Amino acid sequence: TIRSPDGQEKQIEYSLTVDVVPGQHLLTARDVTDRQQRKSDLEGYETALDSINDAVWVYDRNKQVSFTNESNLDGLSVASDDIVGMPLTAFENYFVDSATYDAWESIIDDILAGDTAGDELDVRFEIEGEQIVLNLRAAPVPDRNDPTGVAVIGSDITTRKKRERTLAEYKTIIEALGDPV
């Protein structure tokens with residue numbers, strides 16, 4: 001770290017090559033302050049994403065996972081580190097309904113094409129023989145106005161959906177009973 005004449009601190013990276021020409025050495029230095037700040041920012045984002053309970057994936061332009069947090073879906077039988085590099089199509093078998101998978105892939109394609117600012121879809125996944133309902137929300141990862149990927153947050157809403165069905169059943173029963181007065 002050095003301090004510039006205007007008082008700003010700069011992170012400098014040095015490289016030394018000995019005896020480029022016999023008896024002469026080459027020392028190069030470059031300012032890596034911005035790169036170090038971006039790295040620090042990314043580490044902070046990763047820590048934040050790892051602390052939430054929802055599963056997070058980031059797909060690149062080729063629809064391959066480039067990031068996932070530690071709160072991955074229980075039962076996927078794939079470690080978070082192993083998910084990185086997997087294509088979107090690797091998740092197709094978890095979708096209970098192939099039409100829903102097609103709709104989800106269409107959302108991802110539309111975001112990557114810049115045709116939408118994001119979307120969401122409730123889907124049924126089957127993991128180890130058990131069905132769960134996920135709310136999948138997707139949004140572009142922008143880079144100078146063009147999407148470079150898609151960020152996805154997956155929330156398990158199975159319990160909420162069961163409660164909604166139960167409430168709907170109770171409402172139907174109450175309506176069928178009519179006015180007691």
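This text goes with the structure placed above it.
Residues numbered from 1 in each chain as written. Predicted model: local features only at pLDDT ≥ 70, side-chain atom pairs only at ≥ 80, totals over all residues. Heavy atoms only, no water.

Q: Is there a simple way to explain empty space enclosed by the protein in this structure?
A: Where empty space is left in the structure can be found by rolling a water-sized probe over the atoms. As enumerated under the stated definition, the model contains one cavity of 30 Å³ or more in all. Of the voids in this model, the largest cavity is the one considered here, and its volume is about 70 Å³. Together, W57, Y59, L88, F91, F95, W104, F125, L136 and V152 line the largest cavity. In terms of residue class, the lining of the largest cavity is built from nine nonpolar, no polar and no charged. (1 Å grid on protein atoms, 1.4 Å probe; cavity = no way out; pocket = protein on both sides within 12 Å on 5 of 7 lines; lining within 4 Å. Points joined across faces, edges and corners; volume = space filled by probe spheres on them. Nonpolar A, V, L, I, M, F, W, Y, C, P; charged D, E, K, R; others polar.)

Q: Whenever I open this one, the pairing of strand β7 (residues 119-127) confuses me. Can you help?
A: Every regular strand shows the same layout, with side chains that alternate between the two sheet faces. Note that β7 and strand β8 (residues 130-143) share nine bridges and pair antiparallel. Across the sheet, the residue bridging to D119 is A138, located in β8. Hairpin connection of β7 to β8: two residues between the antiparallel strands, including E128 at a positive phi of 50°. (Pairing = 2+ DSSP bridges. Helix = DSSP H or I, 4+ residues; strand = E, 2+ residues; numbered from the N terminus.)

Q: Got a minute to help me understand the environment of I107 in this structure?
A: Here I107 is to be found in helix α3 (residues 98-112). You can call I107 buried: its relative accessible area is 10%. In this structure, the C-alpha to C-alpha distance between I107 and A138, residues 31 residues apart in sequence, is 7.9 Å. Leaving out residues up to four positions away in the same chain, I107 has contacts with D119, E120, L121 and A138. (Buried < 20%, exposed > 50% of the residue type's maximum accessible area, 1.4 Å probe, protein only. Contact = heavy atoms within 4.5 Å.)

Q: I tried to follow helix α4 (residues 158-177) on my own but got confused; where do I start?
A: An α-helical turn contains 3.6 residues, so any two residues separated by three or four positions project in the same direction. Relative to the 28 Å expected for 20 residues at 1.5 Å per residue, α4 spans 29 Å between its end C-alpha atoms, a close match to the ideal helical length. Within α4, only one of the 20 residues are buried, leaving the element largely exposed. A positive phi of about 80° marks G178, the residue just after α4. (Expected span 1.5 Å × (residues − 1).)

Q: I would appreciate a short explanation of the nonpolar core in the present structure.
A: Here is a general trend for soluble globular proteins: nonpolar side chains tend to be buried in one another's company. Core analysis: the largest hydrophobic core is formed by 25 residues, its most contacted members being W57, W104 and V152. Elements represented by at least two residues in this core include exactly β5 (55-60), α3, β7, β8 and β9 (146-156). When residues in this core are grouped by element, the largest group, six residues, is from α3. For W104, the residues in contact, after removing those within four places along its chain, are L88, F95, L121, L136, R137, A138 and V152. (Core = buried A, V, L, I, M, F, W, Y, C linked by side-chain atoms within 4.5 Å.)

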